[in-house]
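Given next are the chains, with one letter for each unit.
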Amino acid sequence: MSTTQIAHQNLHPGGRSGHATTPRGRLRLALGLLALLAALLLCQSQPAAAQVQAHDQATSFESSNFPGRYIRHRNYLGELLPLTNNWDRNDATFIVRRGLNGVSGSVSFESANFPGQFLRHQGFRIKLAPRDGTEYFKWDASFVPRASHHASQSRFESANFPGHFIRHQNFSLWLAKDDGSQWFHNDSSWRDLRVAPHCANADTAVTSSTTAAVEAAITCLTNQERVARGVAPLAVNATLTGTARTHSQDMVRRRYFSHTTPEGVAPCSACSTRATATRTAARTSRGPAPRRRTGSCRSG
């Protein structure tokens, strides 16, 4: 039986009127009112949970009202800037950790490219600083995710300065007290974007000794862009890789740049020839295929 049903039964025991005039009736009425009050309190709407990525995930935070600009560190200060190269993207990538203050529900933001350094507030400025083990640092670097008015976005309230949030102002990041305005709410709302792991060797120069590393980096970068646009990532195919390498070496050796050779042969033709040879070898190893009967069967 629900709390509301209990309250209703106590308010109207047996469906009889006048029952509340007796001492027992007055007691049951009082209990019913208390139960009804409890039911109303339980029905109060609860704040929506903030949309924050799981702990230990690489994440970037895009501004709600300045799309294309992200939280990043530059010269150890928090800024709101567009990302134009890999250095920018690395500076704007953080690992969401459980709050350094140890309080359940709080989070801390560790730099992905400066491990051991966290976003913290100091003099109400958001900075990147190395963890020093002090209680001051633990609390200054801990924030409580709060739901934003904007769908699938979050705000980050200071763990030790309640009512103060990370916001951007003149494209710099500050810890500021919420003044209740929509302007402030927009400046302190962030779109939480999971980031693919950094692609190793993405800035490596191509030499004879780095070919494999550069190939892996190109695949990684390509897949990052595909995933960001909702397209399935590519898988490395050994046959195609070998064919592509052969064609690339031929272009270098004979000094041309084309999808086909000077003779008009496409690399995919070699793939088809190789695949046919592979299927033929597989059939040969299994022995001759059974002869297929054709035509109608005749008796006598």
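From a predicted model like this one, the values you see are computed outputs, not experimental measurements.

Rules used throughout
Residues numbered from 1 in each chain as written. Predicted model: local features only at pLDDT ≥ 70, side-chain atom pairs only at ≥ 80, totals over all residues. Heavy atoms only, no water. Phe/Tyr/Trp six-rings, centres within 6.5 Å; stacked < 30°, edge-to-face > 60°. Helix = DSSP H or I, 4+ residues; strand = E, 2+ residues; numbered from the N terminus. Lys NZ or Arg CZ within 6 Å of the ring centre and 35° of its normal. Buried < 20%, exposed > 50% of the residue type's maximum accessible area, 1.4 Å probe, protein only. Core = buried A, V, L, I, M, F, W, Y, C linked by side-chain atoms within 4.5 Å. Contact = heavy atoms within 4.5 Å.

Some details on the packing of aromatic side chains
Scanning the entire structure with this criterion turns up 7 aromatic pairs. Seen in terms of ring centroids, Phe66 and Phe171 are 5.2 Å apart; in terms of plane orientation they differ by 85°. Their pairing is edge-to-face. Here Phe66 is found in the loop between strand S1 (58–63) and strand S2 (69–74), whereas its partner Phe171 is found in the loop between strand S10 (164–169) and strand S11 (172–177), with 105 residues between them in sequence. Clustering of aromatic rings is evident, with ring pairs tying together Phe61, Phe109, Phe143 and Phe156. Cation over ring: Arg69 sits above Phe171, and NZ or CZ is 4.1 Å from the ring centre. Arg125 extends its terminal NZ or CZ atom over the ring of Trp174, reaching a point 5.2 Å from the ring centre.

With respect to unusual backbone geometry
What is expected of a backbone is that most residues other than glycine have negative phi and most peptide bonds are trans. Not every positive phi belongs to a glycine, and Asn170 is a case in point at roughly 55°. Note on placement: Asn170 falls in the loop between S10 and S11. For Asn170, a relative accessible area of 73% puts it in the exposed group. Even without glycine at this site, Arg255 takes up a positive phi of about 55°. One can find Arg255 in the loop between helix H7 (238–254) and helix H8 (267–286).

Focus: the nonpolar core
Counting 16 residues, the largest nonpolar core has Phe61, Ile71, Phe109, Leu119, Phe156 and Trp190 as its most contacted members. Secondary-structure elements contributing two or more residues to this core are strand S4 (94–98), strand S5 (107–111), strand S7 (125–130) and S11. The contacts of Leu119, once residues within four sequence positions are left out, are Ile71, Phe94, Phe109, Ile126, Lys127, Leu128, Asp140, Ala141 and Phe143. Counting 5 residues, the second largest nonpolar core, distinct from the first, contains Phe118, Ala129, Phe137 and Ala141.

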